[in-house]
Amino acid sequence: MARKKTLKLATFNVNGIGARLAQLLDWLARERPDVVALQELKARDHAFPLSALEEAGYGAVWQGQSSWNGVAILGRGTTPVEVRRGLPGDPADKQSRYLEAAVHGIVVAAIYLPNGNPQPGPKFDYKLRWMARLARHAKSLVSIPGGAAIVGDFNVIPTDQDVYDAKAWRKDALIQPESREAYFKLLEQGWTDSLRHVHGEATVYTFWDYFRQHAQRDRGLRIDHLLVNPPLASRLAGAGVDRWVRLQEKASDHAPTWIELKAGPR
DNA sequence: ATGACAAAGAGGCTTTGA
């Protein structure tokens, strides 16, 4: 069997898979990503639209939840093999925010990191604890020889380059020094922030809120990230954001964000 | 400082999340 030249790995916070299914299918058909991490399904497990995705050529694993959260991993032409469901470190945490699977030869951790607002407060505390748990577990992924990626909605604005107006967001959980510190501490394990790596200092946004026509005016944030371990970093061939999805009517507030990986050694 | 949008449960609005 001929091997594809590149593997396209994408993450997309759909903000309700029920409300966004038609747009998701349209995007899959147009951009044909090989692996997709989805966040904010906002659907119970039984409401996950597996048959529609299968008709579109994708297998899936998912972790739903009523009303909030929910993550999934899609594989083009294959069903991802689930490795882990839920982030270790707190058995009492029942929120559907973490799913890990092997797909197309790599390990993908799909995350929906807690937003943490309002801060300060218990939700921000939960965010920081969740990030500490993520860092602990990520250590076991960073050295996977075949390649590993942690992708999803991190709800962290890494630097002021990643926000249209840092002052307007200064009180927000996404930009707090503690959130940023935890993010960079994670990177220090050996993870590469793919979008930043590929685009250098250029401005790249992945999210535009629904207020004041921010999408149309390109007043956004970069909070959806694709972190790759060293074996995958050496294969990085490109990265981008499908902003056209965000500019549609009734769009999610996030746009699909992706990387391309060269074929790995066999 | 403002404010959009979708889902859910109980209804034909209100609350919640972020």
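All values derive from a computational prediction rather than experimental measurement.

Trainee: Looking at this structure, how should I read the sheet that holds strand β10 (residues 224-228)?
Mentor: Strand pairing in a sheet is mediated by backbone hydrogen bonds. Such pairs are either parallel or antiparallel. Taking strand neighbours across the sheet as the criterion, the 6 strands line up as β5-β6-β7-β8-β10-β9 in an open arrangement whose pairing is mixed. Looking at which strands have only one partner, the edges of the open sheet turn out to be β5 (81-85) and β9 (192-193). Relative to strand β7 (residues 106-112), strand β6 (residues 98-103) runs antiparallel, the two sharing 6 bridges. By the bridge assignment for β7, alanine 101 is matched with valine 108. In the packing of helix α3 (residues 122-138) onto the sheet, contacts are made with β5, β6, β7 and β8 (148-153), and the angle to β6 comes to roughly 25 degrees. In the packing of helix α4 (residues 177-187) onto the sheet, contacts are made with β9 and β10, and the angle to β10 comes to roughly 25 degrees.

Trainee: I tried to follow the pattern of salt bridges on my own but got confused; where do I start?
Mentor: Close approach of charged atoms allows side chains of opposite charge to pair. Summed over the entire model, instances satisfying the criterion amount to 10 salt bridges. Between aspartate 193 and arginine 222 there is a salt bridge whose closest N-O contact spans 3.0 Å. Note that aspartate 193 is positioned in strand β9 and arginine 222 in the loop between α5 (194-199) and β10, a separation of 29 residues in sequence. Residue aspartate 193 is classed as buried on the basis of its relative accessible area, which comes to 9%. Salt bridges sharing common partners tie together Asp162, Asp193, Arg196 and Arg222.

Trainee: Looking at this structure, how should I read helix α1 (residues 17-31)?
Mentor: Quick reminder: α-helices carry 3.6 residues per turn. Residues three or four places apart thus point the same way. The end-to-end C-alpha distance of α1 is 18 Å, clearly below the 21 Å that 15 residues give at a rise of 1.5 Å each. Considering bend angle alone, the principal kink of α1 is centred on glutamine 23 and spans about 35 degrees. The complete set of buried residues in α1 reads Ile17, Arg20, Gln23, Leu24, Trp27 and Leu28. The secondary structure elements touched by the buried residues of α1 are β1 (6-13), β2 (35-39), α2 (50-55), β3 (58-63), β4 (71-76) and α7 (243-246). Arginine 32 occupies a position one or two residues after α1 and carries a positive phi of about 50 degrees.

Trainee: Can you walk me through the packing of aromatic side chains in this structure?
Mentor: For the structure on display, the rule yields 4 aromatic pairs. Taking 4.3 Å as the distance between ring centres and 10 degrees as the angle between the ring planes, the aromatic pair formed by phenylalanine 48 and tryptophan 62 counts as stacked. Of the two residues, phenylalanine 48 sits in the loop between β2 and α2 while tryptophan 62 sits in strand β3, which places them 14 residues apart along the sequence. Under the relative-accessibility criterion, phenylalanine 48 is labelled buried at 7%. An angle of 80 degrees between the planes, with centres 5.5 Å apart, marks the rings of tyrosine 183 and phenylalanine 184 as edge-to-face. Overall, the relative accessible area of 0% leaves tyrosine 183 in the buried class. With relative accessibility at 34%, the residue phenylalanine 184 sits in the partly exposed group. Chaining the aromatic ring pairs together yields one cluster made of Phe154, Tyr183 and Phe184. Positioned above the aromatic ring of tryptophan 258 is the side chain of lysine 8, whose terminal nitrogen or guanidinium carbon lies 4.5 Å from the ring centre.

About the cut-offs
Residues numbered from 1 in each chain as written. Chains lettered and ligands numbered in written order. Predicted model: local features only at pLDDT ≥ 70, side-chain atom pairs only at ≥ 80, totals over all residues. Heavy atoms only, no water. Pairing = 2+ DSSP bridges. Helix = DSSP H or I, 4+ residues; strand = E, 2+ residues; numbered from the N terminus. Contact = heavy atoms within 4.5 Å. Axes fitted to C-alpha atoms, helices over the stretch in contact; angles between N-to-C directions. Salt bridge = Lys/Arg side-chain N within 4 Å of Asp/Glu carboxyl O. Buried < 20%, exposed > 50% of the residue type's maximum accessible area, 1.4 Å probe, protein only. Expected span 1.5 Å × (residues − 1). Bend = angle between axes of the 7 residues up to and from the residue. Phe/Tyr/Trp six-rings, centres within 6.5 Å; stacked < 30°, edge-to-face > 60°. Lys NZ or Arg CZ within 6 Å of the ring centre and 35° of its normal.

Structural measurements only, silent on function.
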